[in-house]
Amino acid sequence: MILVTGGTGLIGAHLLLSLTETNDRVRAIFRTESSQNKTRNLFKLYNKSHLFEKIEWVEADINDIELLDIAFAKITHVYHCAALVSFDPRAELKLRKINIEGTANIVNFCLYHKVEKLCYVSSIAALGDAKTEGDLITESTEWNAEKLHSDYAITKHGAEIEVWRGEQEGLNVVIVNPSIVLGPGFWDSGSGEIFSNVEKGLKYYTLGMAAFIAVTDVVEQMIALMKSDISGKRFILSAENISYRDLINWIADTLKKPRPTIEAKKWMTNIAWRLDALKTTLFGGRRHLTKITAQSLHSKTLYSNKAITEATSVTFIPIKDYLKKFKKKES
Ligand SMILES: NC(=O)c1ccc[n+]([C@@H]2O[C@H](COP(=O)([O-])OP(=O)(O)OC[C@H]3O[C@@H](n4cnc5c(N)ncnc54)[C@H](OP(=O)(O)O)[C@@H]3O)[C@@H](O)[C@H]2O)c1
């Protein structure tokens, strides 16, 4: 039986959609009914509510050993998608607890239950650092501890170390490192916020470049790697490197909103993240822009997808084409 963690998030919910198409036995963990409902709504968005009923839901937290023990009964394959995705500097301890310690727990349960294979969803944030801006980053680019990394990146890197430790102890593992994942249904968090901001009439763009991929391509490759004989490797999952300006323009076209017209210069985003920090210090609430995310909007960080295209002969859907057939926000 398959176990999915993070099935109430963007990637995990899409993975459950794909897995339930072809498998009768899929178990997913959830923490709250409200987040479980997000997955239910996603199935509805794709007109696949009947498949939602095929999921066996078990209440569990990856930091709760007793509940995890119940979730792991009779499990043969694990997709570990659960993580805290946050760039808020105040979230450091929580990031360490969920991303590193939580992944160590999953690895230990996989070993204890003699699970046949684990697919861990890491991130491009856990990869190494380009020596010069614009160099293509690959799976073997080295991590430079002297460079500034977000706590999120450090904890995803630390989580990978736990997965490699599991491999050393005899577990079959494959790691995927998706770039920025675009997909519908989760409008208030992660990349979903880009869509919500454009929907609200975003006026600004930046000239930085980053790597993007459709969520459907991510889950297809996870399943392909899980079914393959490939083990002990990690793969960057990324369709293409594009500018934020292009991305935002294409999203605006999809949502039939005006394209942003004002270039946000570095000095403007520098002021913006400081104001955001001040606002949340005084009034609380979630950080929307941090020093590191503001810097990334102007940098050109490019990734190679050569390893995965050679391993599985995949061709990824170009982002512009994916956005044309995008499932829009339900009104
Ligand atoms: N989205 C991207 O652009 C992107 C890019 C690269 C890599 N990734 C990685 O892909 C994975 C999935 O990302 P996503 O975008 O789907 O994230 P997401 O939408 O924020 O979902 C995160 C999931 O993790 C679960 N979770 C968090 N803490 C947990 C805990 N202590 N115990 C059990 N479950 C917990 C959440 O459950 P609740 O609903 O209960 O909170 C949710 O199901 C993550 O590992 C992330 O690092 C994402």
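In what follows, the structure referred to is the one given above.
All figures in this text were calculated on a predicted structure; none of them were measured in a lab.

## Structural notes on the overall build of the protein
Per the secondary structure count, the protein includes 13 helices and 14 strands. Relative to the globule expectation of 20 Å for 331 residues, the C-alpha radius of gyration of the protein, 19 Å, shows essentially globular dimensions. Structurally, the protein occupies a C-alpha span of about 55 × 45 × 45 Å along its principal axes. Burial statistics for the protein: of 331 residues in total, 40% are counted as buried. Residue pairs at least 24 apart in sequence account for 80% of intrachain contacts in the protein once pairs closer than 6 positions are excluded.

## Looking at the nonpolar core
If you look at the biggest cluster of nonpolar residues, it comprises 87 residues, and the most contacted ones within it are Val4, Ile11, Leu15, Leu16, Cys119 and Met222. The leading source of residues in this core is helix α1 (residues 10-22), at seven residues. Setting aside residues up to four positions removed in sequence, Leu15 forms contacts with Val4, Tyr79, Cys81, Val219 and Met222.

## Here's the deal with the sheet that holds strand β12 (residues 240-243)
Spatial ordering of the open sheet is given by β8-β10-β12, a layout of three strands whose pairing is mixed. Pairing within the sheet leaves two strands with one partner each, and these edge strands are β8 (180-182) and β12. Neighbouring strand axes in the sheet, compared pairwise and without regard to direction, differ in orientation by 50 degrees on average. With three bridges connecting them, β8 and strand β10 (residues 209-214) associate as parallel partners. Note on β10: the bridge partner recorded for Val181 is Ile213. Where helix α8 (residues 215-227) meets the sheet, its contacts fall on β8 and β10, and the angle it forms with β10 comes to roughly 65 degrees.

## A short note on the site of the ligand
Surveying the vicinity of the ligand reveals 31 residues, the closest of which are Gly9, Arg31, Ser35, Ala83 and Ser123. Looking at the shell around the ligand element by element, the count peaks at three residues for α1. Split by residue class, the shell around the ligand holds 15 nonpolar, 13 polar and three charged.

## Describing the sheet that holds strand β3 (residues 55-59)
A sheet is described by the order of its strands in space; here seven strands give the open sequence β3-β2-β1-β4-β5-β7-β11, paired in parallel fashion. Sheet topology places β3 and β11 (233-237) at the edges, where each strand pairs with a single neighbour. When strand polarity is set aside, the average angle formed by the axes of neighbouring strands in this sheet is 20 degrees. Sheet analysis places strand β7 (residues 173-178) next to β11, joined by five bridges and oriented parallel. Bridge pairing in β11 places Asn177 opposite Ile236. Where helix α5 (residues 92-112) meets the sheet, its contacts fall on β1 (2-5), β4 (77-80) and β5 (117-121), and the angle it forms with β4 comes to roughly 175 degrees. Lying over the sheet, helix α6 (residues 151-168) contacts β5 and β7, oriented at roughly 160 degrees with respect to β7.

Thresholds, definitions, all that
- Residues numbered from 1 in each chain as written.
- Predicted model: local features only at pLDDT ≥ 70, side-chain atom pairs only at ≥ 80, totals over all residues.
- Helix = DSSP H or I, 4+ residues; strand = E, 2+ residues; numbered from the N terminus.
- Rg over C-alpha atoms; globule rule 2.2 N^0.38 Å.
- Buried ≥ 20, exposed ≤ 12 C-beta atoms within 10 Å, placed from the backbone.
- Contact = placed C-beta atoms within 7 Å.
- Core = buried A, V, L, I, M, F, W, Y, C linked by C-beta atoms within 7 Å.
- Pairing = 2+ DSSP bridges.
- Axes fitted to C-alpha atoms, helices over the stretch in contact; angles between N-to-C directions.
- Near = placed C-beta within 6 Å.
- Nonpolar A, V, L, I, M, F, W, Y, C, P; charged D, E, K, R; others polar.

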